[in-house]
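Spelled out from the first residue to the last, the chains are:
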Amino acid sequence: MAHTHSQETDAYFVPLRTWAAVRNAILFVAVLGWIGALAGYATDPEHFFWSYLVAFLFSISIAIGAAFFVMVQHLTGSAWSVTVRRLMEALMRTLPAFLVLFAPLPLGLHYLYEWSRAGAAKDPLLKLKIGYLNEQWFTIRGFLVIGLLSLWALVLYAKSRKQDDSGAVRLTLSAERWSAPGVLMLFVGSSIVGFDWIMSLNPRWYSTMFGVIFLAGGAMAFMAVIIVLCLWLRSNGYLVHSVNTEHYHDLGKWLFMLMVFWAYVSFSQYMLIWYANMPEETIWFKNRFTGSWLYVALLLVAGHFIVPLFAMLPRAVKRSRGALAFFAGWLLLMHYTDLYWQVMPVFYKSGFGMSWLSPVCLVATVSTMGLVFWSSFREKPLVPVGDPRLKQCLAFHNA
Amino acid sequence: MATSFLDNLPIPEFLKPREEAPHYGVVGDFDTPEELLRAIRTLRVAGFTKMEAYSPFPIHGIDEALGEPRSPLGRIVITAAVVGLAGAVALQWWTGAVDYKLNVAGKPLFALEPSVPIMFELTVLLAAFAAVLGMFYLNRMPTYYHAFFNFSRAGGASNDRFLLAVEAADPKFRGEELKTLLDSLGSRHSELVEA
């Protein structure tokens, strides 16, 4: 609805000096993170690979969530999200960086995956799976899925950037056409990597729900990142009017919905296994309820679902920037905890444990992602200025 | 003259024509939602409070323009949802663990895990019923007669027209004078509508 509120305008460009200062800060953190990670790799490769796997999963799940969401915005022809879409696209554009970030994993397969070890060929169950779960195919599948995601990310980003200058509606329509097969590819692809990267840590166990859980958690974390980024830019005087309370309200609704969706699919997996009560299935949860891991599981139930469910339900909470910032940060922490709880009990069998390399690897991968993200804004606008729906979005109002 | 003549006739009171027919209000007919919103805002500034807008689709921001309070529907729905949730727990616990104990494959008579789908479904079911029925109630549906439809162009509100009614109950209601005001705000056709 193009109505007649007088619209104050924002600066859509970050001055080059400010941009460079932020870039240098991220670069500094990234260099520190990678020095730490390399030191860890040299001294303690086993802990390094386990920590790196969780950090890698955390980062790429956010990038996949971004790609998913951008495509959904194109498919639904959303107007409300136009002013935040460039930030989403910039997060999506970090996907090609994961072709590099994925590269260390195949080097450490023996530390991580039982099926890659010599004993697998003798195991009656694992030797049947070795045609799929082997080092070559693991590597090929990883690069293939990240490659396809990157292709879509770069194409959609390029179209949106081109529209900044031309404003051609044709580009919006073409992005829609790319998004439909893109979403299909993304669901299949992220399920495959979810199976490969997390589920195959317990190679005898399987759950068809696993891919969706990975995608749902990532999409939720992505929404939390977008909220945090918008609020960070806002606190520095950017996007003050273009991302207003109405937009935060909708971002908050999405965060809430994706949090509930994660809980829905996670619980579906748990309940089916609880009800069937078959040892080869329940063992996955048994391992994750051992010792202090039980408290981590209970923390996820409360912190990743029950508390935010009731706390984020009122409209006022989603419209309050402070409350939204708190829950976005909290749910990001919960997403990391969720991945940690899925991955690490395979390594720390008797109870919760953490190496100093976990935060270091997380800093390394996230800051690398941050560098690519921030490179999208060097003398380039923070919002898709050529989008035909931009005016509509600026005047957007929740009914 | 005519009225005084009628007064002298021995006819029952209810057959006499009413001196002044009560009015529903003045309704104006606008071309676009923007013009409708502008008219509402102007009239609100002028002190009118009892207004109602009729449009073929929801218009963002019209509730605030009309000064409508937040709908209490959300509170009705959450109440029904909590009742549904509690009801589902009580139903499964009482039927399974109290009234008719049946051991199925050694599973506990009552456990939270398998109860969750029913808890979820009943919560959603009651919330949905409350949302639909609550909406009917708050919209005063069904209403079999509404004076708004005496407006000659009332049908436009379900096609391509944007109608604004200033109701007679408004303390600033001025009858015929209001037609001129609405016309000046862009109304294509304003009418004093009978109740």
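Residues numbered from 1 in each chain as written. Chains lettered and ligands numbered in written order. Predicted model: local features only at pLDDT ≥ 70, side-chain atom pairs only at ≥ 80, totals over all residues. Heavy atoms only, no water.

1. Looking at the overall build of chain B
Along the backbone of chain B there are six helices and four strands. Taking 16 Å as the expected radius of gyration for a compact globule of 195 residues, we find that chain B reaches 27 Å, considerably beyond that expectation. For chain B, the C-alpha atoms occupy an extent of roughly 95 × 50 × 30 Å along the three principal directions. Expressed as a percentage of the 195 residues in chain B, the buried residues total 31%. Sequence-distant contacts in chain B: of pairs separated by 6 or more residues, those separated by 24 or more amount to 77%. With the model as given, the accessible surface of chain B reaches about 12,400 Å², and the carbon-plus-sulfur share is 62%. Distance from the positive charge centre (17 side chains) to the negative charge centre (23 side chains) of chain B: 5 Å. (Helix = DSSP H or I, 4+ residues; strand = E, 2+ residues; numbered from the N terminus. Rg over C-alpha atoms; globule rule 2.2 N^0.38 Å. Buried < 20%, exposed > 50% of the residue type's maximum accessible area, 1.4 Å probe, protein only. Contact = heavy atoms within 4.5 Å. Areas by Shrake-Rupley, 256 points an atom, 1.4 Å probe, with all protein chains shown as cover. Lys, Arg positive; Asp, Glu negative; His and termini not counted. Charge placed at Lys NZ, Arg CZ, Asp CG, Glu CD.)

2. Topic: the environment of B:Glu68
All names here are of chain B. Position of Glu-68 relative to the elements: it lies in the loop between helix 3 (62–66) and helix 4 (73–99). When its relative accessible area of 39% is taken as the criterion, Glu-68 is described as partly exposed. For the pair Glu-68 and Leu-37, spaced 31 residues apart in sequence, the C-alpha separation works out to 14 Å.

3. Thoughts on helix 8 (residues 135–166) of chain A
Its 32 residues place the ends of helix 8 of chain A 46 Å apart at the C-alpha level, agreeing with the 46 Å of an ideal helix rising 1.5 Å per residue. Where helix 8 of chain A terminates, the next one or two residues include A:Gly167, which has phi positive at roughly 65°. (Expected span 1.5 Å × (residues − 1).)

4. Considering the interface of chain B and chain A
For an interface, size is often stated in terms of accessible area lost upon the parts coming together. Listed per partner, the contact involves 18 residues of chain B and 16 residues of chain A. A combined buried area of about 1,600 Å² lies between chain B and chain A, and 70% of that area is made up of carbon and sulfur atoms. Considering only the surface of chain B that becomes buried against chain A, B:His60, B:Lys107 and B:Glu113 emerge as the three largest contributors, covering 36% of it. Counting every contact that joins chain B to chain A gives zero salt bridges. Between chain B and chain A we count two residue pairs in polar contact (both at pLDDT 80 or more) in total. Mapped onto the side of chain B that touches chain A, the elements with two or more residues apiece are helix 2 (33–45) and helix 5 (112–138) of chain B. Examining the composition of the side of chain B that touches chain A, we find that five residues originate from one element, helix 5 of chain B, more than from any other. (Buried area = accessible area lost by both parts, 1.4 Å probe. Salt bridge = Lys/Arg side-chain N within 4 Å of Asp/Glu carboxyl O. Polar contact = N/O pair within 3.5 Å; in protein donor to acceptor, adjacent residues only side chain to side chain.)

5. Topic: the pattern of salt bridges
Scanning the entire structure with this criterion turns up 16 salt bridges over all chains. Close ionic contact of A:Arg86 with A:Asp164 constitutes a salt bridge, the shortest N to O distance being 2.9 Å. On the criterion of sequence distance, the pair formed by A:Arg86 in helix 3 (residues 82–92) and A:Asp164 in helix 8 is long-range, its members being 78 residues apart. The exposure classification of A:Arg86 matches that of A:Asp164, with both residues buried. The shortest N-O distance in the salt bridge between B:Glu176 and B:Lys179 comes to 3.2 Å.

6. Remarks on the packing of aromatic side chains
Geometry of an aromatic ring pair is reported as the spacing of the ring centres plus the angle between the planes. Counting across every chain of the model gives 46 aromatic pairs over all chains. With a centroid separation of 5.6 Å and 65° between ring planes, the pair formed by A:Tyr264 and B:Phe120 is classed as edge-to-face. Separated into two different chains, A:Tyr264 in helix 11 (residues 245–276) and B:Phe120 in helix 5 make up a pair that spans both. A relative accessible area of 45% places A:Tyr264 in the partly exposed class. Cation over ring: A:Arg93 sits above A:Tyr157, and NZ or CZ is 5.0 Å from the ring centre. Stacked on the ring of A:Trp284, the Lys or Arg A:Arg288 has its end atom at 3.9 Å from the ring centre. (Phe/Tyr/Trp six-rings, centres within 6.5 Å; stacked < 30°, edge-to-face > 60°. Lys NZ or Arg CZ within 6 Å of the ring centre and 35° of its normal.)

7. Quick notes on the confidence of the model for chain A
Per-residue confidence for chain A gives a mean pLDDT of 93; residues scoring 70 or more make up 97%. Low pLDDT (under 50) marks residues 1–6 of chain A, which in the prediction has 15 contacts with non-local residues, meaning those over four places away or in another chain. (pLDDT = per-residue confidence, 0-100.)

8. Observations regarding the domain arrangement of chain B
Under the domain assignment used here, chain B contains domain 1 (21–71 + 147–194) and domain 2 (73–138). The C-alpha-based centres of domain 1 of chain B and domain 2 of chain B are spaced at 44 Å. (Domains from an automatic or database assignment.)

9. Focus on the pairing of strand 3 (residues 162–167) of chain B
Successive residues of a regular strand alternate their side chains across the two faces of the sheet. Residues and elements named next belong to chain B. Counting buried positions along strand 3 gives five out of six residues, so the element sits mostly inside the fold. As paired strands, strand 1 (residues 23–30) and strand 3 are joined by six bridges and run antiparallel to one another. By the bridge assignment for strand 3, Phe-30 is matched with Phe-162. As defined by bridge partners, strand 2 (residues 51–54) adjoins strand 3 across four bridges and the pair is classed as antiparallel. Bridged to Met-51 within strand 3 is Val-166. (Pairing = 2+ DSSP bridges.)

10. Observations concerning the side chain of A:Thr83
Residues and elements named next belong to chain A. Position of Thr-83 relative to the elements: it lies in helix 3. Here Thr-83 falls in the buried class, since its relative accessible area comes to 0%. Polar contacts involving the side chain of Thr-83 include one to the main-chain carbonyl oxygen of Ser-242, which spans 3.0 Å.

11. Side note on the packing of helix 11 of chain A against helix 12 (residues 279–288) of chain A
All names here are of chain A. The N-to-C vectors of helix 11 and helix 12 enclose an angle of 125°; their axes lie 9 Å apart at closest approach. Judged by the angle between their axes, helix 11 and helix 12 are oblique. By crossing handedness, the relation of helix 11 to helix 12 is classed as left-handed. Touching Gln-269, Tyr-270, Ile-273 and Ala-276 of helix 11 are Glu-281, Thr-282, Trp-284 and Phe-285, all from helix 12. (Axes fitted to C-alpha atoms, helices over the stretch in contact; angles between N-to-C directions. Parallel < 35°, antiparallel > 145°, perpendicular 65-115°, else oblique. Left-handed = near helix turned anticlockwise from the far one by under 90°.)

12. Concerning unusual backbone geometry
A cis amide bond links B:Met141 with the next residue in sequence, B:Pro142, at an omega value of -5°. With respect to the helices and strands, B:Pro142 occurs in the loop between helix 5 and strand 3. Of note, the phi angle at A:Glu379 is positive, near 55°, even though the residue is not glycine. One can find A:Glu379 in the loop between helix 16 (357–375) and helix 17 (390–394).

13. Comments concerning the packing of helix 2 (residues 45–76) of chain A against helix 8 of chain A
All names here are of chain A. The interhelical angle for the contact between helix 2 and helix 8, taken along N-to-C directions, is 45°, at an axis separation of 11 Å. In terms of their interaxial angle, helix 2 and helix 8 are classed as oblique. Both helix 2 and helix 8 take part in a crossing whose hand is left-handed. Contacts between helix 2 and helix 8 involve Phe-56, Ile-60, Ile-64, Met-71 and His-74 from the former and Ile-146, Leu-149, Trp-152 and Leu-156 from the latter. In terms of residue class, the contact of helix 2 with helix 8 is made up of eight nonpolar, one polar and no charged. (Nonpolar A, V, L, I, M, F, W, Y, C, P; charged D, E, K, R; others polar.)

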